[in-house]
Amino acid sequence: MGFLSKATVSIVGLGSKAILNGYCSSVTVNGLENLVRALESNERANGRGVVTNDPVAWGVLPARFYRDSRMTRWTLGASDIMFTNPVFSTFFRLGQVIETFRGNGIFQPAIDTAIEKLNRGDWIHLFGEGKVNQESSDPSSPNAARLLRFKWGIGRIMMEAQKPPVIIPMWLTGFDKLMPEGRSFPYKFLPKPGVALSVTFGEPVPTHHIQEALNTLVHERRLPEAPHSANGGLQDPFRPLEEERSGVLAEQGWLDEPVAQAVEAGRQSEEMGHQGHQSVEEIARVRSAVTAVIQREVEALGRRVLGKLYLSYGISFRVAVRRFRLGCNRVTKCTVVMEVDKAQASFARAQAGEDDPLDASVGP
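So, a few notes on the structure that sits alongside this text. (Residues numbered from 1 in each chain as written. Predicted model: local features only at pLDDT ≥ 70, side-chain atom pairs only at ≥ 80, totals over all residues. Heavy atoms only, no water.)

## Topic: the nonpolar core
The biggest cluster of nonpolar side chains holds 44 residues, and the ones touching the most others in it are Ile157, Met158, Met159, Ile210, Leu255 and Val286. Sorting the residues of this core by element identifies helix H5 (109-119), helix H6 (152-159), helix H8 (207-219), helix H10 (256-271) and helix H11 (278-324) as the ones contributing at least two each. Tallying contributions element by element places H11 first for this core, with ten residues. Aside from chain neighbours lying at most four places away, what touches Met158 is Val51, Leu118, Pro165, Ile167, Trp254, Leu255, Val290 and Ile294. If you look at the next biggest cluster of nonpolar residues, it comprises 26 residues, including Leu61, Met170, Leu172 and Phe201. (Core = buried A, V, L, I, M, F, W, Y, C linked by side-chain atoms within 4.5 Å. Buried < 20%, exposed > 50% of the residue type's maximum accessible area, 1.4 Å probe, protein only. Helix = DSSP H or I, 4+ residues; strand = E, 2+ residues; numbered from the N terminus. Contact = heavy atoms within 4.5 Å.)

## Side note on the packing of aromatic side chains
Enumeration over the complete set of coordinates arrives at three aromatic pairs. Pairing Phe83 with Phe92 gives two aromatic rings, centres 6.2 Å apart and planes at 50°, and the pair type is tilted. The buried category is assigned to Phe83, whose relative accessible area is 9%. A ring pair is formed by Phe88 and Phe92, whose centres lie 6.4 Å apart and whose planes are at 85°; its orientation type is edge-to-face. One end of the pair is Phe88 and the other is Phe92, both in helix H4 (residues 86-94) and four residues apart, which spans about a single turn. One aromatic cluster is present, formed by Phe83, Phe88, Phe91 and Phe92 through successive ring pairs. Seen from the ring of Trp74, Lys117 lies directly overhead, with NZ or CZ sitting 3.8 Å from the centre. Here the basic side chain of Arg149 rests over the ring of Trp152, its NZ or CZ set 3.9 Å away from the ring centre. (Phe/Tyr/Trp six-rings, centres within 6.5 Å; stacked < 30°, edge-to-face > 60°. Lys NZ or Arg CZ within 6 Å of the ring centre and 35° of its normal.)

## Things to note about the pattern of salt bridges
All told, the structure shown has 13 salt bridges when counted by the stated rule. Two residues, Asp80 and Arg102, come together in a salt bridge whose shortest N-O distance is 3.0 Å. Highlighted residues: Asp80 in helix H3 (residues 79-82) and Arg102 in the loop between strand E4 (97-100) and H5, separated in sequence by 22 residues. For the salt bridge of Arg222 with Glu220, the shortest nitrogen-to-oxygen distance reads 2.8 Å. In this structure Arg222 comes out as partly exposed when scored by relative accessible area, which is 40%. When its relative accessible area of 44% is taken as the criterion, Glu220 is described as partly exposed. (Salt bridge = Lys/Arg side-chain N within 4 Å of Asp/Glu carboxyl O.)

## Examining a nonpolar patch on the surface
A contiguous nonpolar patch, built from Phe185, Tyr187, Phe189 and Leu190 and spanning about 500 Å² of accessible area, is present on the exposed surface. When you line up the elements, Phe185 lands in the loop between helix H7 (175-178) and strand E8 (195-201). (Patch = residues over 30% accessible without salt bridge, like charges linked within 9 Å, V, L, I, M, F, W, Y side chains within 5 Å. Areas by Shrake-Rupley, 256 points an atom, 1.4 Å probe, with all protein chains shown as cover.)

## Overview of H6
Along H6, eight of the eight residues are buried, which leaves the element largely enclosed by surrounding structure. Taken residue by residue, H6 has Trp152, Gly153, Ile154, Gly155, Arg156, Ile157, Met158 and Met159 as its buried positions.

## Some thoughts on the sheet that holds E8
On the basis of which strands lie adjacent, the open sheet formed by three strands has the order E1-E8-E7 and mixed pairing. A strand with exactly one partner marks an edge of an open sheet, and here the two such strands are strand E1 (24-30) and strand E7 (170-173). Averaged over all neighbouring strand pairs, the angle between strand axes comes to 10°, with direction disregarded. Direction of pairing for E1 relative to E8: parallel, over a ladder of six bridges. Bridge pairing in E8 places Val29 opposite Val199. Running at roughly 120° to E1, helix H1 (residues 3-23) makes contact with E1 and E8 of the sheet. (Pairing = 2+ DSSP bridges. Axes fitted to C-alpha atoms, helices over the stretch in contact; angles between N-to-C directions.)

This is a description of form; function is not addressed.
This is the structure:
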């Protein structure tokens, strides 16, 4: 890690700390020891990488981590947003951001680089949804704890990892209030003061949970559908060869058993006279399943975090009702009760785990 890279990382990290501590009324950090333990593990020297899934981790990390590239995350960044001019390009590259091109699919050099770094034991920070989704962290929203479909590049990175990465799900609350969308320039770039934030690092996802889930899906033939579009899907003429290479690498790694079983099932289908590259399609379907399993783990953490937040919100509401019961007209009371009922119904749907990504077909 060169001097300029250390300086860039330190400035951003200290700036994040200043924003969190200076603008926010409170910042609650839960489970930070899960990430610190993973980053300080000796297993990283043997090629076991670390994967997290949300931004703003820098602001809560110990400052001593900023001087060591092994303790600083690598992440994928969109070329059309972060690399639009020489100044931005230099800044983000020094900040350990890998330039990624939208529309170039999951078999592009940026994903190759992320896999190489993960196999060296580096920390890879992924934005599963690929865009900002503020509704998922609002317990009153109908989409509470529901994430947009994770990008399949996550599945490829996980599948081609040679050793099981330490996957640490994260969940943030309050950032939709700190940087709300829809504001005009220049306010959309300025954080709002006085916001209560929470950052939760979950327990590492047990490796055997992912392996068992995939083995079950393969055995029961319940793998999600693979993308079939001509642009990056299975109809792309270059895709079968790329899928075969990916499958060979995956069969050498920690998900070798479910991948090998799926490939064998595809070959048997081909021998029975089914048209198309069945084994290639099975590899893509396993990748879709890996992506969905990771998403399910993150959403499960979200439901736990929002459940605690909702209970706290309910207690605060009952106290507030007692305080303004006298002198408050019936319309106001009914409005407040209706809003809380809506929040309760939304949270109940999220807690029930509706729209599990593993229960739905995955589109192109």
